Amino acid sequence: MGKYNLALICVLWSHLADSLDGLVARRMHHRQPGMSDVGKAMDALGDFLSAGVFPLIFLASLGEAAPFPTFAGLLICAAGILRLSYFEAFGLSGGSFVGVPLPHNILVFALSYYIGSQIVTDHLILLMGAVAVIMSGLHLSSIRFPKMNVTWIVLSAVFITAMSALLAL
C-alpha cells in the first residue's frame, strides 16, 4: 500500500519481540522436553519471514518490481536461507555467530531507508538495493558476530524506539 515507514516500524518491533522471546526462553529451565527444538524452528521461520522475505517484498514494492531491487531482494532472501541453514547445521562457533545474523537486516534497512529518504530521495531504491546486496555478503561472510545479550537487547530497544519515532514523523 506504499506505507513503507509503517511497514518498517512494524518489522522493527517484531525484531525486538524476537530478541526478548529468545532471552525469556533461555531463562526458562522447566520447559517440557523438546520445547526448545520447537522454539528454535519457530525462531528460524520468524527470522526468515521478517528478515528475508520482508526485504524482498519491501524492495520489490518500493522499486515497483524493477529488475535491480527485485534481484537484490531475491539475493538477500537466498542469503538468508543459506545463513539460517548454516546456523541450523553448525550453531554458534566459540560463543559467536559466523556471519551477520539475519535479523540485523531489519535494523540496517530501517536506518538506510530513513537516511536515504532524507538525503538521496531520487536514488533511494538504488541505495536500498545496494544495502541488500551488502547485507547478503555479510550474512555469508566469516565475520564473527557476538550473540545477543541483555546489553545488546537494551541498545536495540533504544534504537528501535528512536527509529520508530523518526519514521513516524
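Structure: see above.
For the structure given in this document, a descriptive report is provided here. For clarity, every value in this text was computed on a predicted model and none was experimentally measured. (Residues numbered from 1 in each chain as written. Predicted model: local features only at pLDDT ≥ 70, side-chain atom pairs only at ≥ 80, totals over all residues. Heavy atoms only, no water.)

Quick word on unusual backbone geometry
Here is step 1 of the chain: For Glu64, which is not a glycine, the phi torsion comes out positive at approximately 50°.
Here is step 2 of the chain: Looking at the element boundaries, Glu64 is found in the loop between α2 (35–62) and α3 (67–90).
Here is step 3 of the chain: Residue Ala65 is not a glycine yet carries a positive backbone phi of 65°.
Here is step 4 of the chain: As for its placement among the helices and strands, Ala65 is situated in the loop between α2 and α3. (Helix = DSSP H or I, 4+ residues; strand = E, 2+ residues; numbered from the N terminus.)

Focus on the packing of aromatic side chains
Here is step 1 of the chain: Inspection of the entire model under this criterion finds eight aromatic pairs.
Here is step 2 of the chain: Taken together, a centroid distance of 6.4 Å and an interplanar angle of 35° make the contact between Phe145 and Trp152 tilted.
Here is step 3 of the chain: Through successive ring pairs, a cluster of aromatic residues spans Tyr4, Phe54, Phe58, Phe109 and Tyr113. (Phe/Tyr/Trp six-rings, centres within 6.5 Å; stacked < 30°, edge-to-face > 60°.)

Observations concerning a positive patch on the surface
Here is step 1 of the chain: Together, Arg26, Arg27, Arg31, Lys40 and Lys147 make up a region of like positive charge exposed at the surface.
Here is step 2 of the chain: You can call Arg31 partly exposed: its relative accessible area is 33%. (Patch = residues over 30% accessible without salt bridge, like charges linked within 9 Å, V, L, I, M, F, W, Y side chains within 5 Å. Areas by Shrake-Rupley, 256 points an atom, 1.4 Å probe, with all protein chains shown as cover. Salt bridge = Lys/Arg side-chain N within 4 Å of Asp/Glu carboxyl O. Lys, Arg positive; Asp, Glu negative; His and termini not counted. Charge placed at Lys NZ, Arg CZ, Asp CG, Glu CD. Buried < 20%, exposed > 50% of the residue type's maximum accessible area, 1.4 Å probe, protein only.)

Here's the deal with α2
Here is step 1 of the chain: Compared with an ideal rise of 1.5 Å per residue, which puts 28 residues at 40 Å, α2 spans 38 Å between its outermost C-alpha atoms and is within 8% of the ideal.
Here is step 2 of the chain: At Phe54, α2 shows its largest kink, close to 35°, and the proline Pro55 lies no more than four residues downstream.
Here is step 3 of the chain: Turning to α2, its buried residues number three or more, namely Asp47, Ser50, Ala51, Gly52, Phe54, Pro55, Leu56, Phe58, Leu59 and Leu62.
Here is step 4 of the chain: Of the surrounding secondary structure, the elements contacted by the buried residues of α2 are α1 (4–27), α3, α4 (104–119) and α5 (124–139). (Expected span 1.5 Å × (residues − 1). Bend = angle between axes of the 7 residues up to and from the residue. Contact = heavy atoms within 4.5 Å.)

A closer look at the nonpolar core
Here is step 1 of the chain: In terms of nonpolar packing, the biggest core is built from 32 residues, with Leu8, Leu12, Phe58, Phe109, Tyr113, Met128 and Leu167 touching the most fellow members.
Here is step 2 of the chain: Among the elements of the structure, α1, α2, α3, α4, α5 and α6 (150–168) are those that each provide at least two residues to this core.
Here is step 3 of the chain: If sequence neighbours within four positions are ignored, Phe58 has contacts with Tyr4, Leu8, Phe109, Tyr113 and Met128. (Core = buried A, V, L, I, M, F, W, Y, C linked by side-chain atoms within 4.5 Å.)

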